[in-house]
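Chain residues, written in single-letter form:
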Amino acid sequence: MEKPALVASDVDGTILGTNERVSGHTARVVGRVLADGTPFVLVSGRPPRWVPRIANDLGATGYAVCANGAVLYDVGADRVIWQRGISPIRLHDLVSALDTALPECAVAAERVGERAADVETFVAEERYKHAWPDSHDVASRAEVLGHAAIKLLVRHTGMTSAEMAAAATAVLGDEFAITYSTNAGLIEVSERDVTKASGLADVAERLGVAAGNVIAFGDMPNDIPMLRWVGHGVAMANAHPELLEVADEVTGTNDQDGVAQVLERWF
């Protein structure tokens, strides 16, 4: 690939190390990308509220594609430009189908406002087991599904994420976008055709960059559409086998500054 005109990177397992921080080396290389005038875009399953700290560590102030493509966030302006959510009616239909496919599953809804730190952004039913138990509001299932959500998160303690995704796809087909960023019994469901690729395509169009001139980095199945869409897709050495199969290249692990290793060819 020639020097990319836009750089996109997943967050967890990719630009962040296992300590959930950006290394000094990676930050310096990304700084050179930005100093060159090349846009650097974070593309994450995380909602906007998680983005500012990471973007600040990188010195990035442009766009961030959040929630697997359901939200476009302007980091510098702290503003949600658009969101593509699931309506309450669709959420109820979705969960009704999931109760059949995944008996005893628990659900949570991710919502966004106009800024990253808007309150009541993550609401979960009581039996939903979150990695950060104090970081969300607990509500009845009716309340969880009562407002539009940028994505529905579904947990099942007796299944892997891959097993859950297969079972959910069997009943939902292509009615919703189903993916996962961990194999620990958690899937993420977005509105139909919402992926990291669709969100990044919007950013590229805004910046006047063709898909063939974009390089992207990732590590999990939710990065597959993005790596297929860009001109050069790079998987981390620690990536999920499904992503390794579609990548144009495999770099070092996230703890080995794998993103920086590739970008240093041009910057």
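Residues numbered from 1 in each chain as written. Predicted model: local features only at pLDDT ≥ 70, side-chain atom pairs only at ≥ 80, totals over all residues. Heavy atoms only, no water.

Colleague: How should I be thinking about the packing of aromatic side chains in this particular structure?
Modeller: Centre-to-centre distance and the angle between the planes together describe a pair of aromatic rings. Enumeration according to the criterion identifies one aromatic pair in this entry. Sitting over the face of the ring of Trp82, Arg84 holds its NZ or CZ atom 3.8 Å from the ring centroid. (Phe/Tyr/Trp six-rings, centres within 6.5 Å; stacked < 30°, edge-to-face > 60°. Lys NZ or Arg CZ within 6 Å of the ring centre and 35° of its normal.)

Colleague: What is the right way to read the layout of surface pockets from this model?
Modeller: Here the idea is plain: a probe the size of a water molecule rolls over the atoms and shows the empty space left. Reported here for the second largest pocket is a volume of approximately 330 Å³. In terms of lining, the second largest pocket is formed by 21 residues, of which the most central are Ala177, Ile178, Thr179, Pro221 and Pro225. Those elements giving two or more residues to the lining of the second largest pocket turn out to be helix H6 (161–172), strand S10 (176–179) and helix H8 (224–229). Looking at which element gives the most residues to the lining of the second largest pocket, the answer is S10, with four residues. When the residues that make up the lining of the second largest pocket are grouped by side-chain class, the tally is 10 nonpolar, six polar and five charged. (1 Å grid on protein atoms, 1.4 Å probe; cavity = no way out; pocket = protein on both sides within 12 Å on 5 of 7 lines; lining within 4 Å. Points joined across faces, edges and corners; volume = space filled by probe spheres on them. Helix = DSSP H or I, 4+ residues; strand = E, 2+ residues; numbered from the N terminus. Nonpolar A, V, L, I, M, F, W, Y, C, P; charged D, E, K, R; others polar.)

Colleague: Whenever I open this one, the pairing of strand S1 (residues 6–9) confuses me. Can you help?
Modeller: Working note: regular strand, side chains alternate between the two faces of the sheet. The alternating pattern of S1 places Leu6 and Ala8 on one face and Val7 and Ser9 on the opposite face, and all of these are buried. The pairing of S1 with strand S12 (residues 214–218) spans four bridges and is classified as parallel. Along S12, the bridge assignment pairs Val7 with Ile215. Note that S1 and strand S2 (residues 40–43) share three bridges and pair parallel. Of the residues in S2, the one forming a bridge with Val7 is Phe40. (Buried < 20%, exposed > 50% of the residue type's maximum accessible area, 1.4 Å probe, protein only. Pairing = 2+ DSSP bridges.)

Colleague: Please clarify how the pattern of salt bridges should be interpreted in this entry.
Modeller: Side chains that differ in charge, positive against negative, can pair when their charged atoms come close. Taken as a whole, this structure holds 16 salt bridges when the rule is applied. Residue Glu175 pairs with Arg192 through a salt bridge whose shortest N-O separation is 3.0 Å. You can see Glu175 sitting in the loop between H6 and S10 and its partner Arg192 sitting in the loop between strand S11 (186–191) and helix H7 (196–207), a full 17 residues away along the chain. The class for Arg192 is partly exposed, based on a relative accessible area of 40%. Here the residues in one salt-bridge network are Arg90, Glu175, Glu191 and Arg192, joined through shared partners. (Salt bridge = Lys/Arg side-chain N within 4 Å of Asp/Glu carboxyl O.)

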